[in-house]
Amino acid sequence: KSESDKGTVYLLEDLAITRKKIMSAVTDSDTSIVYDVENKPGISNLLTIMSVLTNESIESLVERFNGQGYGTFKKAVADVVCAELEELQRKVKEIQSSGIIEKVLEDGAMKATYVARKKLAKVYRKVGLK
């Protein structure tokens, strides 16, 4: 919803930046944690994110954070999001350092070269160049 990067969480960005973005997510002046997309879109969005990442129902989250205020809730959301991103970033670094990407690219290039040479030879034969 935001036009700047402030409302966007990048999967590989520094987790401190992600945490700050979540903690400064736009909410309303109320402090009640209620799922109401029309009147409380910011809190509703955070509830949805938390629900998806924890497999806990939105209703259960609303009940769990009842009366705790936005700060406590945003911290919990940030903790869950950062834990998920930390695991993802660990896996990305593992893949990057393993050489798997280079091997897949090399194998793909070899296969593409083979297919292209066969096709080119066929084209040459059809036009009478070989």
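Here is a short report on the structure shown in this document.

The rules we used
- Residues numbered from 1 in each chain as written.
- Predicted model: local features only at pLDDT ≥ 70, side-chain atom pairs only at ≥ 80, totals over all residues.
- Heavy atoms only, no water.
- Core = buried A, V, L, I, M, F, W, Y, C linked by side-chain atoms within 4.5 Å.
- Buried < 20%, exposed > 50% of the residue type's maximum accessible area, 1.4 Å probe, protein only.
- Helix = DSSP H or I, 4+ residues; strand = E, 2+ residues; numbered from the N terminus.
- Contact = heavy atoms within 4.5 Å.
- Axes fitted to C-alpha atoms, helices over the stretch in contact; angles between N-to-C directions.
- Parallel < 35°, antiparallel > 145°, perpendicular 65-115°, else oblique.
- Left-handed = near helix turned anticlockwise from the far one by under 90°.
- Nonpolar A, V, L, I, M, F, W, Y, C, P; charged D, E, K, R; others polar.
- Expected span 1.5 Å × (residues − 1).
- Phe/Tyr/Trp six-rings, centres within 6.5 Å; stacked < 30°, edge-to-face > 60°.
- Salt bridge = Lys/Arg side-chain N within 4 Å of Asp/Glu carboxyl O.

Here the focus is the nonpolar core. Counting 17 residues, the largest nonpolar core has Ile33, Ile43, Leu47, Met50, Phe65, Phe73 and Val77 as the members making the most contacts within it. Mapped onto this core, the elements with two or more residues apiece are helix 2 (41-54), helix 3 (58-64) and helix 4 (69-98). The biggest single contributor to this core is helix 4, with 8 residues. With residues up to four places along the chain from it excluded, the contact list for isoleucine 43 reads Thr27, Ile33, Val34, Tyr70 and Phe73.

This next bit is on the packing of helix 1 (residues 15-23) against helix 4. Put simply, helix 1 and helix 4 touch, their axes get as near as 9 Å, and they point 150 degrees apart. The angle between helix 1 and helix 4 falls in the class roughly antiparallel. The crossing of helix 1 and helix 4 is right-handed. Between helix 1 and helix 4, the contacting residues are Leu15, Thr18, Arg19, Ile22 and Met23 on the first element and Gly71, Lys74, Lys75, Val77, Ala78, Asp79, Val81, Cys82, Leu85, Glu86 and Gln89 on the second. Residues that form the contact of helix 1 with helix 4 fall into these classes: 8 nonpolar, 3 polar and 5 charged.

Glancing now at helix 4. Across its 30 residues, helix 4 extends 44 Å between first and last C-alpha, which sits within 8% of the 44 Å expected from 1.5 Å per residue. Looking at helix 4, one finds that the buried residues are Gly69, Tyr70, Phe73, Lys74, Ala76, Val77, Ala78, Val80, Val81, Cys82, Leu85 and Gln89. Positive phi shows up at glycine 99, right after helix 4, with a value of about 85 degrees.

Under the counting rule described, the total for this entry stands at 1 aromatic pair. Their ring planes at 70 degrees and their centres at 5.1 Å tell us that phenylalanine 65 and phenylalanine 73 sit as a pair that is edge-to-face. The burial state of phenylalanine 65 is the same as that of phenylalanine 73; both residues are buried.

Counted according to the given criterion, the structure contains 10 salt bridges. Close ionic contact of lysine 75 with aspartate 79 constitutes a salt bridge, the shortest N to O distance being 3.2 Å. Taken as a pair, lysine 75 and aspartate 79 lie in helix 4 at a separation of 4 residues, close to a single helical turn. Look at lysine 75 and you get partly exposed, because its relative accessible area is 45%. When salt bridges with common partners are traced through the structure, they connect Glu87, Arg90, Lys91 and Glu94 into a single cluster.

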